[in-house]
Amino acid sequence: MQSKKVKVTNPNSSVVGLRLMDGVREVLVHPKGFIMLDSEEIFYINNMSSIFSKRRLLVQDEDVNVELGLTVESTDVVGMTDDQIETLLKGNIMTMKKHLTGITDKQVIGRVIEVAKKIEDLATGKLKIIQEISGYDFDQLISTE
C-alpha cells in the first residue's frame, strides 16, 4: 500500500516533538509551523499518543481525519486558524460566548488570548467573557505594546 504525505500543523505557541515509527527519528513541529508526514506515521503516532485527539497537532487531510475518528465540528475553536478565531472575536458576542464557553484547555485559551491581544478595538464585554473563561486579569489581556 502506498502511503501518502499529509500536512500536519501546530496551531499552538509551543514546539511539539514527535518520535517517529522507526523509534530513532524525532522531529519538532515549531509554533504555527507544519511538517509533511506519511499517513502511516500519523496512524502510528495516533496509536501511541493523544496528540491528535487533544488537537495539539492538526492533520490537514479530511480522509485521514475520518480514518482516525478525528472529525471536527466547524464550531470547534481548537481546529480554527488564527484568522478564524479573530473573525469569531470580532463577530457577535453571543456566538463568541457559545464557542468559547466549553474550553478548558490552557493552550487553546492561550491561543484565543494571543489573537485577542492583536485586536485593538475589542469590546469590554468580550474581554469580560475571555477573562471569565481564562481566569486572567484584564491587564494581562490588554496588550501594552
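Our subject is the structure listed above.
In short, a report on the structure.

Some points on the sheet that holds strand β5 (residues 58-59)
With antiparallel pairing, the three strands of this open sheet are ordered in space as β4-β1-β5. In this open sheet, the two edge strands, each paired with only one partner strand, are β4 (34-38) and β5. Two strands pair when backbone bridges link them, and strand β1 (residues 5-9) and β5 are joined in this way by two bridges, in the antiparallel orientation. In the strand pairing of β5, V8 is matched with V59. Against the sheet, helix α1 (residues 39-48) touches β1, β4 and β5, its axis set at about 95° to β4.

Here we look at the side chain of E41
Here E41 shows up in helix α1. By relative accessible area, which is 6% here, E41 ends up buried. Apart from residues lying up to four places away in sequence, E41 is in contact with L20, M21 and R25.

About the thresholds
- Residues numbered from 1 in each chain as written.
- Predicted model: local features only at pLDDT ≥ 70, side-chain atom pairs only at ≥ 80, totals over all residues.
- Heavy atoms only, no water.
- Pairing = 2+ DSSP bridges.
- Helix = DSSP H or I, 4+ residues; strand = E, 2+ residues; numbered from the N terminus.
- Contact = heavy atoms within 4.5 Å.
- Axes fitted to C-alpha atoms, helices over the stretch in contact; angles between N-to-C directions.
- Buried < 20%, exposed > 50% of the residue type's maximum accessible area, 1.4 Å probe, protein only.

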